[in-house]
Amino acid sequence: MKHFLLYSLLFSSLLRAEHVDLDPYISNLKQKEFSYDYEKSLLEKKKLRDSWIQPIKLRYSISKSNPYNEGGAGVQMVQNSAIALDQPIFKFGGIYYGIKFSEASYLYNKYSIDVSKRKMIKDAISLLMQIKQTHLTILKQELQIDNSRINLEQKKEQYLNGQLDSGFLNNAIIKKNRVTQTLYDLQTSQERLISKFGAISDLNYKEAKIPNLLLVSKKEFLEKNIDIKQVQSEEKRNLYNKNVTVAKYLPSINLTAGYSWDKLENPSFSGVSFPSPPETSYYNYGLKANISLDFNSFRDIESAQVDYLKSVVVIDDKKRELLALYEQVSQNLKNFDKKIHLSIENESLYTKLLDETKQLFKAGYKTQYDVRNLSNSVKIEKVDQKIFEIDKQLELLNLYEKLVNAEV
């Protein structure tokens, strides 16, 4: 009874599915890993966005030689430095679409990280739910073991009184051993779940509360769906990539500019000193047109077009897949509601029988065994209802995993 009251209190304080951050369900180390993923994705976006800006090339060289004196008395030194720029300024939309491609790629990568993070959060919450569900199942098994003991005691008395043969007594012993072994298996499963939960969460499973998820509407499920937003961002990315690919084979105009400085020093020639020649410097600037004539250009463009067309189809296919998931979860919820309703009916029936049996026990027509057995049966039905409620939460978790910034 002590354990039963404990679990009753536990499930009376579930978290409402509103205004609760899900991130704490995964460990701080896991959260830090994801934060670095987001940071890298942003840096990659900036790098890709500015990839059209060409580097300014700086060059400096110095060399020495003695072309005028075999003995090495005269040394000629040459210094040269230069700055050069070759920057595209017009690529028939290639620069604009390249920037848009970087933004779409960033969104796609961000949603990809979101998907991975939500899956890990879902795994953590699912493990926590299963741990608490296993607690309840163990409680139910303990009650069933108690009933098997009661049945065994009754069979012993009937056997000793000559009312039953040994076969019934053996069956009662086998049943008691079987339900006891099942309890041990449940305890082993519980430890496995606790170990898995501890690997991805810092929370104490004994104190952590599980969320009370609510069924979202079909419309909201599709509008706030991470998977759909991910494939939509991929569709935009492929569209801009197609445009970038086309622009790659169109004429482009580059701005060119440069500055060069040279200095030659020749202190001596055949033993006669000469003054150093004057330094020279010059600059240049202009425009340059380029066009790429590639044999595979049309195939390259067609390949990018196919990627885009496929991504459009993927969006519709993903919506159909998610609608099937929503319908499946909805149907499963209805089935669990039926099980809960049946358990409530059974509880009502056992409660009525328990009250009548207590009266018969006081009158001497029933034994304490009969009262205990029915009392345990009432408790088992109550526990079953809580187990089915967690089953519903596990089903709903399959939907919440897919929602963008789902508040729980």
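Q: Any details on the overall build of the protein? Residues and values, ideally.
A: Looking only at helices and strands, the protein has eight helices and eight strands in total. Here the protein holds 408 residues, and 37% of them are scored as buried. Relative to all contacts within the protein whose residues are 6 or more apart in sequence, the contacts with residues 24 or more apart total 84%. Just so you have it, the protein exposes about 24600 Å², and 55% of that area is on carbon and sulfur atoms.

Q: For the packing of aromatic side chains, give the residues involved together with the corresponding values.
A: One pass over the full model with this rule turns up four aromatic pairs. Ring geometry for phenylalanine 221 versus tyrosine 326: centroids 5.6 Å apart, planes at 35°, classification tilted. Highlighted residues: phenylalanine 221 in helix α5 (residues 218-223) and tyrosine 326 in helix α7 (residues 297-362), separated in sequence by 105 residues. For tyrosine 326, a relative accessible area of 8% gives the class buried.

Q: Account for the packing of helix α6 (residues 226-248) against α7, naming residues and giving values.
A: Following both chains from N to C, one finds α6 and α7 inclined at 170°, their axes separated by 8 Å at the closest point. Here α6 lies roughly antiparallel to α7, going by the angle between them. Here the contact of α6 with α7 is built from residues that sort into 11 nonpolar, six polar and nine charged.

Q: Please set out the packing of α7 against helix α8 (residues 368-400) residue by residue, giving values where relevant.
A: Pairs of packed helices are described in terms of their axes, by the angle between the two and the distance that separates them. Two elements in contact, α7 and α8, have axes separated by 8 Å at closest approach and are oriented at 165°. It follows that α7 is roughly antiparallel to α8 by the angle criterion. Here the hand of the crossing between α7 and α8 comes out left-handed.

Q: Any details on the environment of glutamate 381? Residues and values, ideally.
A: One can find glutamate 381 in helix α8. Separated by 35 residues in the primary sequence, glutamate 381 and asparagine 346 have C-alpha atoms spaced 7.0 Å apart. Once residues within four sequence positions are removed from consideration, glutamate 381 is found in contact with Ser343, Asn346, Glu347 and Tyr350.

Q: Please give an account of the pattern of salt bridges that cites residues and values.
A: On inspection of all chains with the given rule, the structure shows 21 salt bridges. Between lysine 119 and aspartate 123 there is a salt bridge; the shortest N-O distance is 3.3 Å. With lysine 119 and aspartate 123 both in helix α3 (residues 94-160), this residue pair falls four residues apart, about one helical turn. On the basis of relative accessible area, lysine 119 is assigned to the partly exposed category, the value being 44%. Accessibility expressed as a relative area gives 29% for aspartate 123, which makes it partly exposed. The closest approach of N and O atoms between lysine 140 and aspartate 384, which form a salt bridge, is 2.8 Å. Separated by 244 residues along the polypeptide, lysine 140 in helix α3 and aspartate 384 in helix α8 bring together distant segments of the chain. Looking at aspartate 384, the relative accessible area reads 11%, which means it is buried.

Q: I'd like to hear about the confidence of the model for the protein, residue by residue, with values.
A: Predicted confidence across the protein gives a mean pLDDT of 87, with 89% of residues reaching 70 or more. Confidence, read as mean pLDDT per element, is least for helix α1 (residues 2-11) in the protein (42) and greatest for α8 (95). Low pLDDT, under 50, characterises residues 1-19; the stretch is placed with 40 contacts to residues that sit more than four places away or in other chains.

Q: A description of the pairing of strand β5 (residues 252-265) should follow, citing residues and the corresponding values.
A: Relative to β5, strand β3 (residues 76-90) is paired through 13 bridges, and the arrangement is antiparallel. Within the sheet, the bridge partner assigned to glutamine 79 lies in β5 and is lysine 263. Where β5 meets strand β8 (residues 280-290), 11 bridges bridge the pair, whose relative direction is antiparallel. Bridge assignment links alanine 257 to a residue of β8, and that residue is tyrosine 285.

Q: Could you give me a rundown of a nonpolar patch on the surface, with the residues and numbers involved?
A: A grouping of Ile89, Phe90, Phe92, Val246, Leu250, Ile253, Leu255 and Leu287 is seen on the molecular surface, where their side chains present a nonpolar patch of about 670 Å² in accessible area. For the nonpolar patch, the secondary structure elements donating two or more residues are β3 and β5. By the secondary structure assignment, leucine 255 is in strand β5. Given the relative accessible area of 34%, leucine 255 is considered partly exposed.

Q: Tell me about the side chain of glutamate 395, residues and numbers included.
A: Structurally, glutamate 395 is set in helix α8. Within the buried core, glutamate 395 has no salt-bridge partner, and the shortest N-O distance to an opposite charge, that of lysine 339, equals 9.3 Å. Polar contacts involving the side chain of glutamate 395 include one to the side chain of asparagine 332, which spans 3.1 Å. Non-local contacts of glutamate 395, meaning those with residues more than four positions away in its chain, are made with Val329, Asn332, Leu333 and Phe336.

Q: An account of the sheet that holds strand β2 (residues 57-65) is needed here, citing residue identities and associated values.
A: Read from one edge of the open sheet, four strands run β2-β3-β5-β8, paired in antiparallel fashion. Bordering the open sheet on either side are β2 and β8, each of which pairs with just one other strand. Ignoring which end each strand starts from, the neighbouring axes of this sheet average 15° apart.

Conventions used here
- For every chain, the first residue of the written sequence is number 1, and numbering continues from 1 along that sequence.
- In keeping with the predicted nature of the model, local features appear solely for residues at pLDDT of at least 70, side-chain atom pairs appear and are counted solely at 80 or more, and the whole-chain, interface and lining totals rest on all residues.
- To obtain the side-chain values, all non-hydrogen atoms of the structure were included, while hydrogens and water were left out.
- Runs of E in the DSSP output that reach at least two residues are strands. Runs of H or I that reach at least four are helices, and both are numbered from the N terminus.
- Per-residue accessibility, obtained with a 1.4 Å probe over protein chains only, is compared with the maximum for each type, and a residue is labelled buried under 20%, exposed over 50%, and partly exposed between these values.
- Should any heavy atoms of two residues lie within 4.5 Å, those residues are counted as being in contact.
- For the accessible areas, the method is Shrake-Rupley and the probe is 1.4 Å, while residue cover comes only from the protein chains on display.
- The rule is short: rings of Phe, Tyr and Trp, with Trp giving its six-membered ring, pair when the centres are within 6.5 Å, and they are stacked under 30 degrees, edge-to-face over 60, tilted in between.
- Interaxial angles span 0 to 180 degrees and are taken between N-to-C directions of axes, which are lines fitted to C-alpha atoms, for helices over the stretch in contact.
- An angle below 35 degrees is treated as roughly parallel, one above 145 as roughly antiparallel, one from 65 to 115 as roughly perpendicular, and anything else as oblique.
- Throughout this entry, Asp, Glu, Lys and Arg are counted as charged residues, while Ala, Val, Leu, Ile, Met, Phe, Trp, Tyr, Cys and Pro are counted as nonpolar. The remaining residues, Gly among them, count as polar.
- Crossing handedness follows the turn of the near helix against the far one: under a right angle anticlockwise gives a left-handed crossing, and clockwise gives a right-handed one.
- Within this document, salt bridges are pairs made up of a side-chain nitrogen of Lys or Arg and a carboxyl oxygen of Asp or Glu, the two lying within 4 Å of each other.
- Per-residue confidence from the prediction method is given by pLDDT, with values spanning 0 to 100.
- Any two strands with at least two DSSP-identified bridges between them are counted as paired.
- Exposure above 30% relative accessible area and the absence of a salt bridge qualify a residue for a patch, where like charges join within 9 Å and nonpolar side chains (Val, Leu, Ile, Met, Phe, Trp, Tyr) within 5 Å.
- Only four residue types enter the charge count, namely Lys and Arg as positive and Asp and Glu as negative; His and the chain termini do not.
- Counted as a polar contact is a pair of N or O atoms within 3.5 Å, where, for protein atoms, one must be capable of donating a hydrogen and the other of accepting one, and residues adjacent in sequence contribute only when both atoms are in side chains.

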